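# Structural characterization, general
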Amino acid sequence: LLRMSLKCCACCLACLEKCIKYITNFAYIYVAIEGCGFCNACVKTFKLISSNMLQVGINATVSTILKYIQLLFIPTACAWIGNIVLVVNARKDPINTTIFIAVMALVIVSAFATVFNCVIDTLFICCLRDKEAFKGAYMPAGLREAFKIDKKQKKGKGAVAEEEEPLE
């Protein structure tokens, strides 16, 4: 019984650790956007995430799919093209060079995928922040439709009027 309770505690602590890491990632972005303190950013980020769980799930799914597409197809394409070039030029034993090309492409694509994921998360936090604070005033029309924000809102602080569009 003690062993099972310790495993349950370890599982709960692992879940807590994952949640804190996830919120911390977004909190760093929020600090960069707002210039506020880290703890304040964590609280604001948690409120943003908890009030938009569906969009957070969709964002995480799409960014994961894009990451794996990048990690699979780009190194494969680089290795394939490199192998074709080596075979056409009649190089001796092209398989070692092809493997080297694939590994190097994977390393480079991993770095770019990390940056790309950070950009996606930053844009996502900016959109959520715009939705919460300015009612989508600075979003393009297509993004407003995706977030289901009515374009025709009353004039007011941060609201988009019918006849005026914010700068993009």
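First, a word on what this report is: a plain description of the structure on this page. (Residues numbered from 1 in each chain as written. Predicted model: local features only at pLDDT ≥ 70, side-chain atom pairs only at ≥ 80, totals over all residues. Heavy atoms only, no water.)

## Brief notes about helix H2 (residues 38-51)
One turn of an α-helix holds 3.6 residues; hence residues three or four places apart share an orientation. When the terminal C-alpha atoms of H2 are compared, their 20 Å separation across 14 residues agrees well with the 20 Å that a helix rising 1.5 Å per residue should span. In the core, the buried residues of H2 are packed alongside helix H1 (2-34), helix H3 (53-88) and helix H4 (94-134). (Helix = DSSP H or I, 4+ residues; strand = E, 2+ residues; numbered from the N terminus. Expected span 1.5 Å × (residues − 1). Contact = heavy atoms within 4.5 Å.)

## Side note on the packing of H1 against H4
Where H1 contacts H4, the two axes come as close as 10 Å, and the packing angle between them is 65 degrees. You can see that H1 and H4 cross each other, and the crossing is right-handed. Contact residues: Asn25, Phe26, Ile29, Tyr30, Ile33 and Glu34 in H1; Cys118, Asp121, Thr122, Phe124, Ile125, Cys126 and Arg129 in H4. Residue composition of the contact of H1 with H4, grouped by class: eight nonpolar, two polar and three charged. (Axes fitted to C-alpha atoms, helices over the stretch in contact; angles between N-to-C directions. Left-handed = near helix turned anticlockwise from the far one by under 90°. Nonpolar A, V, L, I, M, F, W, Y, C, P; charged D, E, K, R; others polar.)

## Observations regarding a nonpolar patch on the surface
Together, Leu54, Ile58, Val62, Ile65, Leu66, Ile69, Leu72, Phe73 and Phe116 give the surface a local cluster of nonpolar side chains, amounting to about 840 Å² of exposed area. With eight residues, the single largest contributor to the nonpolar patch is H3. Mapping Val62 onto the fold places it in helix H3. (Patch = residues over 30% accessible without salt bridge, like charges linked within 9 Å, V, L, I, M, F, W, Y side chains within 5 Å. Areas by Shrake-Rupley, 256 points an atom, 1.4 Å probe, with all protein chains shown as cover. Salt bridge = Lys/Arg side-chain N within 4 Å of Asp/Glu carboxyl O.)

That is the geometry; function is a separate question.
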